[in-house]
Amino acid sequence: MLAHVDVNSAYASFERVFRPDLATIPLVVLSNNDGMVVAASRDAKAMGLDLGVPWFKLKPHAERLGIRAVSSNYELYGSMSARVMSILSRFTADLDIYSIDEAWLTVPPDIARDPAALNAWGRDIRDTLRRLLGVPVCVGIANTRTLSKLANKWAKKADSFGGVCAWDNTPQGWRDQLMQRLPVSEVWGIASRLEKRLAGIGVRTIADLAAADPTTVRKNTSVVTMRTALELRGVACIIPEGDRTGRKQQIIVSRSFSQRITTVAAMRQVLSIYAQRAATRLVKNNQAAKLVTAFAAVSPFADNEAPAGRSLFPQSLARLPTPTADPVQITKAAHALLPQLADGVRYAKAGLILTDLRKAHEHQTLDMFRHAHEESNIAELMSRIQSKTGSDTLGLGYAGIRPGPNWTMKRELMTRRATTHWDELIEVRA
């Protein structure tokens, strides 16, 4: 028996914890550089606001509509998510974190055997997170992952559940009616393209998918969709995240600039900072990289002309001598892009992609290929310092030059990072 716990309108809910003045105001959260709406509170969604709407189009009407907007506060969201997961771990011996705002909990056996205790346990989770963190969540409980997500969605949309839906405790007639009424696209993992393919074999509702022949579903779609169909019947066959390798296939560090970068020297600093961030992520994932791809690009909407022998979308690929998480080696590999850049070009974006990832220390490196800074474990040292003091407090080489970069992400409407920065703590006055 599994419980799926999902923070309602997570980004907006995290913002409201430290901004009670926004609790009753429709709230939207903007993307990088305040470009478009990427999240919205429930009351904002009820107004018909669609995700992906450019902010410059919505901004002139915001005051009339009573809408407030905030910039993405990733530091706050990450910190609040960690606190949510820490509290959820108190309720189970097996927590499977799926994303920043949702997780599955294995229900303790004594509770799983008692239908009455099941609902009470779900309500306890809901009330504890509201009391300790101030965030609203919904809980869906069933014996498969797909059904628990469906139960959570039902709990979110039907106020009569009070935010907690135990699938097996719900009358069979209600469940049948729900599955017959909802389109198959409401199922976890069924996107619009797959919905069209399923329609070709007569599967249009959730009930149709649950009743479909698994062999036919697999033949016309994939084994993943077949497993989803079986899960809707109550047959658990989707592997928990914790049972997979857990290794990332690639690490990408990339951002659009708040203002165009026009010199190679500035791009050197960009690539150095990105290399340092990529190395930190490798350390956190206990991984090492063998291939480093660096790229830059101009805006496709701008009028740019490439200098002779230069590309407006340059890219370089560097193969490292041995798998490493060393920021010095990754920075040198990233700088392989620099000869392809030119002063005067208005670059709008750059990034690094680390691939051919291995488990850290999986292969023994010969002494002749090791570097002094690797022996000193600079990558681990920088990761520990940054985790305590912030990612911008320590820089290596060009990444540590002060003053800091003026091209970083524009977040003009950002609220306080109240859980991660001492100078932005909330002050409470009696």
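Here's a quick rundown of the structure.

Cut-offs used in this document
Residues numbered from 1 in each chain as written. Predicted model: local features only at pLDDT ≥ 70, side-chain atom pairs only at ≥ 80, totals over all residues. Heavy atoms only, no water. 1 Å grid on protein atoms, 1.4 Å probe; cavity = no way out; pocket = protein on both sides within 12 Å on 5 of 7 lines; lining within 4 Å. Points joined across faces, edges and corners; volume = space filled by probe spheres on them. Helix = DSSP H or I, 4+ residues; strand = E, 2+ residues; numbered from the N terminus. Nonpolar A, V, L, I, M, F, W, Y, C, P; charged D, E, K, R; others polar. Buried < 20%, exposed > 50% of the residue type's maximum accessible area, 1.4 Å probe, protein only. Pairing = 2+ DSSP bridges. Axes fitted to C-alpha atoms, helices over the stretch in contact; angles between N-to-C directions. Patch = residues over 30% accessible without salt bridge, like charges linked within 9 Å, V, L, I, M, F, W, Y side chains within 5 Å. Areas by Shrake-Rupley, 256 points an atom, 1.4 Å probe, with all protein chains shown as cover. Salt bridge = Lys/Arg side-chain N within 4 Å of Asp/Glu carboxyl O. Lys, Arg positive; Asp, Glu negative; His and termini not counted. Charge placed at Lys NZ, Arg CZ, Asp CG, Glu CD. Core = buried A, V, L, I, M, F, W, Y, C linked by side-chain atoms within 4.5 Å. Contact = heavy atoms within 4.5 Å. Arc of directions from axis to C-beta.

Concerning the layout of surface pockets
Item 1. Roughly 1100 Å³ of volume is contained in the second largest pocket.
Item 2. Only strand 1 (2-7), helix 1 (10-18), strand 3 (37-40), helix 2 (42-46), helix 6 (115-132), strand 7 (137-142) and helix 7 (145-157) provide two or more residues apiece to the lining of the second largest pocket.
Item 3. The element contributing the most residues to the lining of the second largest pocket is helix 7, with eight residues.
Item 4. Its residues placed into classes, the lining of the second largest pocket shows 20 nonpolar, twelve polar and 15 charged.

A short note on unusual backbone geometry
Item 1. For Asn 286, which is not a glycine, the phi torsion comes out positive at approximately 55°.
Item 2. Its location among the elements puts Asn 286 in the loop between helix 13 (264-284) and strand 10 (287-298).
Item 3. The exposure class assigned to Asn 286 is partly exposed, which follows from its relative accessible area of 39%.
Item 4. Despite not being glycine, Asp 356 shows a phi value in the positive range, around 50°.
Item 5. With respect to the helices and strands, the residue Asp 356 is situated in the loop between strand 12 (347-355) and strand 13 (358-359).

With respect to the sheet that holds strand 3
Item 1. Read across the open sheet, the three strands follow the order 3-2-4; overall the sheet is mixed. The open sheet terminates on both sides in strands that have one partner only, identified here as strand 3 and strand 4 (68-71). Between one strand axis and the next, the sheet turns through 30° on average, direction left out of account.
Item 2. Relative to strand 4, strand 2 (residues 27-30) runs parallel, the two being bridged by four bridges. In the sheet register, Leu 27 faces strand 4, and the bridge partner there is Arg 68.

Focus on a positive patch on the surface
Item 1. Positive charge collects at one region of the surface, where Arg 255, Arg 277, Arg 281 and Lys 284 lie side by side.
Item 2. Ranked by residue count, the leading element in the positive patch is helix 13, at three residues.
Item 3. Structurally, the position occupied by Arg 277 is in helix 13.
Item 4. Residue classification places Arg 277 among the partly exposed residues on the basis of a relative accessible area of 31%.

Description of the nonpolar core
Across soluble globular proteins, nonpolar side chains have a tendency to be buried as a group.
Item 1. With 36 residues, the main nonpolar core has Met 267 and Leu 354 as its most contacted residues.
Item 2. Here this core takes ten residues from helix 13, the largest share from any one element.
Item 3. Excluding its chain neighbours within four sequence positions, the residues that come into contact with Met 267 are Phe 257, Ile 261, Ala 296, Leu 338, Leu 341, Tyr 347 and Ala 350.
Item 4. Formed by 34 residues, the second largest nonpolar core is a distinct cluster that contains Phe 14, Val 84, Ile 111 and Ile 125.

A few points about helix 3 (residues 55-65)
Item 1. Of all the residues in helix 3, the buried ones are Trp 55, Leu 58 and Ala 62. Burial along helix 3 is one-sided: seen end-on, the buried residues are contained in an arc of 65°. Turned more than 90 degrees away from the buried face of helix 3, the exposed residues are Phe 56, Lys 57, Pro 60 and Arg 64.
Item 2. Packed against the buried residues of helix 3 are strand 2, strand 3 and strand 4.
Item 3. Residue Gly 66 follows helix 3 closely and has a positive phi angle near 75°.

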